[in-house]
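Letter by letter, the chains look like this.
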Amino acid sequence: STGAINNMILISGYSGTGKSSLVRSVRSDLMERGARFVSGKFDSGQRMQALSAVVSALDDYCNILAQDKDNIDQVSQAITSAIGSEVAILAKIVPNLRKVISTLGEDSSLTQVSGREALQQLTFLFRMLLRSTCSRGNPIVMFIDDLQWADEVSLELIHALVTNSQTQGFLFIGCYRENEVCSGHPLLLRLVDIKKSVNVDTTFIRVGNMDGETVSTLLSDSLSILPRRTSDLSEAVMRKTGGNALFVVQFLASLCDDGLLCFSPSMRRWVWDTDRINDRDIADNVVELMRAKMLNLPSEVRDALRVVACFGANCQEDLLRIVDRSQDSRVKVVSALEPAVSDGLLVKTASLLRFSHDQVQRAAYSLVPDSEREELHLRLGRLICENASVDEIEKFLSVIV
C-alpha cells in the first residue's frame, strides 16, 4: 500500500524476551505460502568474521535452490545470465552455489581488489543473486538474528539488499537487543538511512517481558489448571523472574528438577510447594540459573559443553569430531554432548549443534575460568590443526584462526 518494493521488520527487546521465538513461530506459515525462509545469526565471539550471518543465510538459500530439481536448470541459467563470469567469485564465498551451477570454474579476480572496491563487487554479486532468483511469486524471507553484533560491512550490505529497487519479493527480518545498542550505534545509524528509502516498508516491533496475567495464562495452559488455582504459583514465578520468557521457562524446569513442581498421579494434576518456592534462593539471572544446572551434570558433559562453548553460539559437528581424533582430548566431545541435547541445552540440526539460546552459551562458557580461557582456545586450535586434513583446515580456517 505504501508503494515500497521490499519489506523490513525489526524486532527489538531484551535478551530472553522471545524475539527469535516470535520469528520461528511464523516460519512454517511463511513457507506454506511459498516463501523460501533462510536465516543467519551474528555471534559476539566471531566479530572478526565479516559478513558471517549474511553469507550463512545466502548459503542456506542456495542450498534450497539446489533442492528444487524441477527448476534448477532455469535458476542456474538466470543466475549465470545476471552475474556472468563473476559467478565463480560468488561461489567462493557462498559454497552451496556450486550445487546450483555445477559447471563453475575457478576465478581469482576477487583477490585483485580490496577495501571499498571489494565491498562494491560483493554487494553487486549478492544483489544480482537475489534479483535473478526471487520475485513476488517466489519470495525470500531472510532472518538475521543478533544485529547488535553485526559488523559495519554486513550492515552496509543489508542496507544495499533491502533498498535495491530492482529486487522484488524480498522480506528482511532482523532481531536485536535494545539494551545493547545506544545512540550512535552503527545499527541505529544504518536503520535511520534505511527508513529514508522509498523502496522499503519498515515495521518496528518491540517484545517486552510478560506481565502477571500472561504468566498466569502460560501456567494455566501448560498445567491444564484453571488460572484461579495457579495464582499463587504465577505470583511466585513472576516475582522470581520478572516475567522474562526464557527465565520463566528455565525457572519452571528447575522447579521440576528439584521436585518443587511435579505431577501427582494420585491427584491426577500438577502440584507445587509455594512456600518452598518463595523461600528458594534463586539466581539473579538466567545465566546463573543455567550455570547451576550445568554444574549438576556429569563431569564429561560439563567438559564437552566447555569445549563447544568456545566456538560460540553454534558449531559444526565435523569440527568437534576432529577434536575427538586427538589422543590428548580429555573427553569424546560429540558423544558426551548427547545428554545436553536431550536436556534441551543444545539443539542438533543435521550436522550443526547450536545452543538453545545465547544465554545458555554464556552459562556454558562461564564454566571456563577467565584465567584458563586463552589456554583452552589455544589448545583447541592446535588440536584441530594437528588432526585435521588439508581440506578440513581450509574449510574451518576462519574458526581455527
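Worth saying up front: this structure is predicted, and the values here are computed from it rather than measured.

Draft legend 1. Focus on the sheet that holds strand E8 (residues 314-316). Judged by pairing direction, the sheet is antiparallel, and its three strands sit side by side in the order E8-E10-E9 without closing on themselves. Looking along the sheet, the strands with just one partner apiece sit at the ends: E8 and strand E9 (346-349). Direction aside, neighbouring strands of the sheet carry axes that sit 20 degrees apart on average. In terms of strand pairing, E8 meets strand E10 (residues 352-355) through three bridges, oriented antiparallel. Each residue of the ladder has a partner; that of cysteine 315, found in E10, is leucine 353.

Draft legend 2. Quick peek at helix H19 (residues 370-387). When the terminal C-alpha atoms of H19 are compared, their 27 Å separation across 18 residues agrees well with the 26 Å that a helix rising 1.5 Å per residue should span. When H19 is considered as a whole, its buried residues turn out to be Leu376, Leu380, Gly381, Leu383 and Ile384. With its buried residues spanning 160 degrees around the axis, H19 presents them on a single face. Seen from the buried face of H19, the exposed residues on the opposite side, beyond 90 degrees, are Ser371, Glu374, Glu375, Arg382 and Glu386.

Draft legend 3. Spatial organisation of the sheet that holds strand E2 (residues 36-41). Pairing is parallel across the open sheet formed by five strands, whose spatial order is E2-E3-E4-E1-E5. Two strands lie at the open edges of the sheet, namely E2 and strand E5 (200-206), each paired on one side alone. This sheet shows a mean twist of 15 degrees between the axes of neighbouring strands, independent of strand direction. Where E2 and strand E3 (residues 140-145) come together, six bridges link them in parallel fashion. Across the sheet, residue glycine 40 finds its bridge partner in E3, namely isoleucine 144.

Draft legend 4. Broad picture of unusual backbone geometry. The backbone phi angle of serine 224 is positive, close to 55 degrees, even though this residue is not glycine. Its place among the elements puts serine 224 in the loop between helix H9 (212-223) and helix H10 (231-241). Accessibility expressed as a relative area gives 67% for serine 224, which makes it exposed. Even without glycine at this site, arginine 268 takes up a positive phi of about 55 degrees. Take arginine 268: it is sitting in the loop between strand E6 (261-264) and strand E7 (269-272).

Draft legend 5. Region of interest: the packing of helix H14 (residues 299-309) against helix H18 (residues 358-365). Closest axis-to-axis distance for the H14/H18 pair is 8 Å, and the angle between their directions is 115 degrees. For the pair H14 and H18, the sense of crossing is left-handed. Between H14, through Leu305, Arg306 and Ala309, and H18, the contact on the second element is made entirely by Gln361, Ala364 and Tyr365. Residues belonging to the contact of H14 with H18 are distributed by class as follows: four nonpolar, one polar and one charged.

Draft legend 6. Structural context of the packing of aromatic side chains. A full pass over the atoms with the stated rule returns two aromatic pairs. Relative to phenylalanine 143, the ring of phenylalanine 37 has its centre 6.4 Å away and its plane inclined at 45 degrees; by these criteria the two rings are tilted. Taken as a pair, phenylalanine 37 in strand E2 and phenylalanine 143 in strand E3 lie far apart in primary sequence, 106 residues in all. Under the relative-accessibility criterion, phenylalanine 37 is labelled buried at 5%. On the basis of an interplanar angle of 75 degrees and a centroid distance of 6.0 Å, the ring pair of phenylalanine 263 and tryptophan 270 is categorised as edge-to-face. Its relative accessible area of 43% is what places phenylalanine 263 among the partly exposed residues. Here tryptophan 270 falls in the partly exposed class, since its relative accessible area comes to 26%.

Draft legend 7. Inspection of the pattern of salt bridges at higher detail. Inspection of every chain in the model, using the stated rule, returns 15 salt bridges. Note that lysine 348 is salt-bridged to glutamate 317, the shortest N-O span being 2.9 Å. Note that lysine 348 is positioned in strand E9 and glutamate 317 in helix H15 (residues 317-325), a separation of 31 residues in sequence. Between arginine 325 and glutamate 392 there is a salt bridge; the shortest N-O distance is 2.7 Å. With a gap of 67 residues between them, arginine 325 in helix H15 and glutamate 392 in helix H20 (residues 390-395) connect regions that are remote in the sequence. Through salt bridges that share partners, Lys41, Asp145, Asp146, Arg177, Glu180 and Asp358 make up one connected network.

The rules behind these values
Residues numbered from 1 in each chain as written. Predicted model: local features only at pLDDT ≥ 70, side-chain atom pairs only at ≥ 80, totals over all residues. Heavy atoms only, no water. Pairing = 2+ DSSP bridges. Helix = DSSP H or I, 4+ residues; strand = E, 2+ residues; numbered from the N terminus. Axes fitted to C-alpha atoms, helices over the stretch in contact; angles between N-to-C directions. Expected span 1.5 Å × (residues − 1). Buried < 20%, exposed > 50% of the residue type's maximum accessible area, 1.4 Å probe, protein only. Arc of directions from axis to C-beta. Left-handed = near helix turned anticlockwise from the far one by under 90°. Contact = heavy atoms within 4.5 Å. Nonpolar A, V, L, I, M, F, W, Y, C, P; charged D, E, K, R; others polar. Phe/Tyr/Trp six-rings, centres within 6.5 Å; stacked < 30°, edge-to-face > 60°. Salt bridge = Lys/Arg side-chain N within 4 Å of Asp/Glu carboxyl O.

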